[in-house]
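Below, each chain spelled out in residue letters.
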Amino acid sequence: MRLRGNDYRDSPRVNRTVALLLSLMCVALSVHAAPAAKSLLDKPAPSFTRIDMNGNRVSPRAYRGKVILLNFWATWCIPCSLELPRFGEWQNHYGIEGLQVIAVSMDDSPSPVRAFVRKLKPDFPVVMGDARLGTRYGGILGLPVTFLIARDGRVSARIEGEANLPALESRIKELLAQP
Amino acid sequence: MERRQVARTVSIATLAFIAMIFTLPQCQAQFSANGPLPASALSIPQSQLIQPDALNGMLQTSKTDPPLLLQVGSRVMFNQARIPGSFYAGPGSQPEGLKLLESMVGQAPKSKFIVLYCGCCPWDRCPNVGPAYKRLHDLGFTNVKVLYLANNFGADWLYKGFRVEQGG
């Protein structure tokens with residue numbers, strides 16, 4: 001069928017061709033799809049249960065109704081060691097409004113974490129993470145990584161690397177103000 | 001005249017004071033725990049760095065004689081995702097990690113092409129690649145490159161669409 005002028009826009013063959021090309025493009029793009037890290041936003045935070053350094057059972061689900069600051073860190077991570085004391089201050093200041101900090105160590109063994117906890121004496125639970133938990137949270141392939149989980153249990157933010165602390169604090173206040 | 005000189009002196013002193021206020025924390029930061037580590041990533045010569053694009057291209061084409069790829073950071077991160085064909089040999093910041101690194105290269109010829117990488121943190125904060133590179137250099141290895149990951153392994157390798165393998 002010979003196409004003329006604007007005829008091509010209404011041609012079934014062209015429509016099929018365009019649809020096929022679009023489909024192929026979608027398939028090609030899916031091979032290099034957006035990383036899993038970004039797919040957690042607005043979704044329920046993956047559940048887990050761990051025993052913290054004080055022997056207590058810790059699970060984000062138990063803090064449903066609170067705003068959770070979930071921080072992946074390690075003892076050898078310098079930016080992490082700068083943030084954690086501030087998170088401790090926020091726990092003390094905003095805890096009464098419903099903030100709960102949970103720190104997940106990505107150290108290879110618990111012994112340096114225990115030493116760190118003995119020294120820092122945080123007012124929030126510190127648990128050990130692992131590759132499986134990191135993968136469930138979209139891949140923790142650099143530290144620190146901080147999640148904000150809203151009162152309804154949905155992931156509100158994922159902050160990669162050292163956080164802009166004033167901006168993070170503002171975001172926490174916004175979430176705390178929500179029912 | 002004297003009044004003008006006093007005013008000028010006060011102005012200079014005020015400016016110096018303001019400058020001190022802004023620079024002192026930065027000076028302190030340089031000598032704090034945040035300052036350069038004895039064998040930091042920044043101590044690795046630029047000529048020994050390899051960019052992610054270049055390494056990925058090399059791995060795609062050099063099937064017959066690929067480099068020995070050693071991840072010298074966190075085992076937890078290694079198990080989540082690593083460059084295909086790489087081995088864990090860390091952490092470079094710990095004595096036991098450097099021993100593991102030595103054991104991994106023990107029988108290799110000194111001219112063996114080795115690529116070290118970590119990706120735990122931003123390059124200038126990484127505690128692992130610097131000591132690992134230094135150890136190999138001290139052991140006499142002459143063909144060692146370090147993968148330059150400016151931010152971390154996720155941002156500079158995985159999220160760029162380069163292949164990874166998982167598990168461990």
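Here's a quick rundown of the structure.

About the thresholds
Residues numbered from 1 in each chain as written. Chains lettered and ligands numbered in written order. Predicted model: local features only at pLDDT ≥ 70, side-chain atom pairs only at ≥ 80, totals over all residues. Helix = DSSP H or I, 4+ residues; strand = E, 2+ residues; numbered from the N terminus. Buried ≥ 20, exposed ≤ 12 C-beta atoms within 10 Å, placed from the backbone. Contact = placed C-beta atoms within 7 Å. Axes fitted to C-alpha atoms, helices over the stretch in contact; angles between N-to-C directions. Parallel < 35°, antiparallel > 145°, perpendicular 65-115°, else oblique. Left-handed = near helix turned anticlockwise from the far one by under 90°. Nonpolar A, V, L, I, M, F, W, Y, C, P; charged D, E, K, R; others polar. Pairing = 2+ DSSP bridges. Right-handed = clockwise from strand over helix to strand, strands pointing away. Core = buried A, V, L, I, M, F, W, Y, C linked by C-beta atoms within 7 Å.

## As for the overall build of chain B
Part 1 of the reasoning: In terms of helices and strands, chain B carries six helices and five strands.
Part 2 of the reasoning: Looking at the 168 residues of chain B, the share that counts as buried comes to 39%.
Part 3 of the reasoning: In chain B, 71% of the contacts between residues at least 6 apart in sequence involve partners at least 24 apart.

## Some details on the packing of helix H3 (residues 78-94) of chain A against helix H6 (residues 165-177) of chain A
The angle between the axes and the distance between the axes are what describe a pair of packed helices.
All names here are of chain A.
Part 1 of the reasoning: The contact between H3 and H6 brings their axes to 12 Å, and the two run at 25 degrees. The pairing of H3 with H6 is recorded here as roughly parallel in orientation. By crossing handedness, the relation of H3 to H6 is classed as right-handed. Contact with H3, carried on its side by Arg-86, Trp-90 and Tyr-94, involves Leu-165, Glu-169, Ile-172 and Leu-176 of H6 and no other residues of that element.
Part 2 of the reasoning: A class-by-class count of the residues in the contact of H3 with H6 yields five nonpolar, no polar and two charged.

## Let's talk about the interface of chain A and chain B
Part 1 of the reasoning: Contact with chain A, which involves 22 residues of that partner, is made by 25 residues of chain B.
Part 2 of the reasoning: Those elements giving two or more residues to the side of chain A that touches chain B turn out to be H3 and helix H5 (131-136) of chain A.
Part 3 of the reasoning: Per-element accounting of the side of chain A that touches chain B gives the leading share, three residues, to H5 of chain A.
Part 4 of the reasoning: Residues of the side of chain A that touches chain B, tallied by class, amount to twelve nonpolar, seven polar and three charged.

## With respect to the pairing of strand S5 (residues 144-147) of chain B
Residues and elements named next belong to chain B.
Part 1 of the reasoning: Taking every second residue as pointing to the same face, both faces of S5 are buried, with Val-144 and Val-146 on one and Lys-145 and Leu-147 on the other.
Part 2 of the reasoning: Here strand S1 (residues 49-50) pairs with S5 via two bridges, running parallel. Bridge pairing links Ile-50 to Leu-147 in S5.
Part 3 of the reasoning: Here strand S4 (residues 114-117) runs beside S5; their pairing, made up of three bridges, is parallel. Bridged to Ile-114 within S5 is Val-144.
Part 4 of the reasoning: A crossover connection joins S4 to the parallel S5 through helix H5 (residues 129-138); in handedness this β-α-β unit is right-handed.

## Observations regarding the nonpolar core
Part 1 of the reasoning: With 79 residues, the main nonpolar core has Trp-73, Cys-77, Ile-102 and Leu-143 of chain A together with Leu-116 and Val-129 of chain B as its most contacted residues.
Part 2 of the reasoning: A total of six residues in this core trace back to one element, the largest contributor, which is strand S3 (residues 67-73) of chain A.
Part 3 of the reasoning: Once you skip the residues sitting within four places of it in the chain, Trp-73 of chain A turns out to touch Cys-80, Leu-84, Ala-103, Ser-105, Met-106, Leu-143 and Pro-144 of chain A.

## Concerning the packing of helix H4 (residues 95-105) of chain B against H5 of chain B
All names here are of chain B.
Part 1 of the reasoning: Two elements in contact, H4 and H5, have axes whose closest approach is 10 Å; the angle formed by their N-to-C orientations is 45 degrees. On the basis of their axis angle, the class for H4 and H5 is oblique. When the axes of H4 and H5 are compared, the crossing they make is right-handed. Only Pro-131, Ala-132, Arg-135 and Leu-136 of H5 make contact with H4, whose side of the interface consists of Leu-98, Leu-101, Glu-102 and Val-105.
Part 2 of the reasoning: Of the residues in the contact of H4 with H5, the class split is six nonpolar, no polar and two charged.

## Topic: the sheet that holds S1 of chain B
Residues and elements named next belong to chain B.
Part 1 of the reasoning: On the basis of which strands lie adjacent, the open sheet formed by five strands has the order S1-S5-S4-S2-S3 and parallel pairing. Taken across any chain shown, the strands that pair with only one partner, and hence form the sheet edges, are S1 and strand S3 (87-88).
Part 2 of the reasoning: Two elements, strand S2 (residues 68-71) and S4, share four bridges in a ladder whose sense is parallel. Bridge pairing in S4 places Gln-71 opposite Tyr-117.

## Let's talk about the sheet that holds strand S4 (residues 99-105) of chain A
All names here are of chain A.
Part 1 of the reasoning: With mixed pairing, the five strands of this open sheet are ordered in space as S5-S4-S3-S6-S7. Since the sheet does not close on itself, it has two edges, and those belong to strand S5 (126-128) and strand S7 (155-160), each with one partner. Ignoring which end each strand starts from, the neighbouring axes of this sheet average 20 degrees apart.
Part 2 of the reasoning: Direction of pairing for S4 relative to S5: parallel, over a ladder of three bridges. Counterpart to Ala-103 in the pairing with S5 is Val-126.
Part 3 of the reasoning: Across the sheet, H6 lies against S3, S4, strand S6 (145-149) and S7, angled at about 145 degrees from S3, the strand it touches most.

## Remarks on the environment of Val-117 of chain A
Part 1 of the reasoning: Mapped onto the elements, Val-117 of chain A comes out in helix H4 (residues 111-120).
Part 2 of the reasoning: Not counting chain neighbours up to four residues away, the residues in contact with Val-117 of chain A comprise Met-53, Pro-122 and Val-126 of chain A.

## Considering H5 of chain B
Residue and element names in this part refer to chain B.
Part 1 of the reasoning: Of all ten residues in H5, seven are buried; the element is thus mostly enclosed.
Part 2 of the reasoning: Along H5, the residues classified as buried are Val-129, Gly-130, Pro-131, Ala-132, Tyr-133, Arg-135 and Leu-136.
Part 3 of the reasoning: Looking at the buried positions of H5, the neighbouring elements they touch are H4, S4 and S5.
Part 4 of the reasoning: Positive phi shows up at Gly-140, right after H5, with a value of about 100 degrees.

## What about the pairing of S3 of chain A?
Every regular strand shows the same layout, with side chains that alternate between the two sheet faces.
All names here are of chain A.
Part 1 of the reasoning: Counting buried positions over the seven residues of S3 gives seven, a clear majority of the element.
Part 2 of the reasoning: Covered by surrounding structure in S3 are Val-67, Leu-69, Asn-71 and Trp-73 together with Ile-68, Leu-70 and Phe-72, the residues of both alternating faces.
Part 3 of the reasoning: When S3 meets S4, the two strands line up parallel, connected through seven bridges. Bridge pairing in S4 links Leu-69 to Val-101.
Part 4 of the reasoning: Taking the sense of rotation as the criterion, the β-α-β connection linking S3, H3 and S4 turns out right-handed.
Part 5 of the reasoning: Where S3 meets S6, five bridges bridge the pair, whose relative direction is antiparallel.

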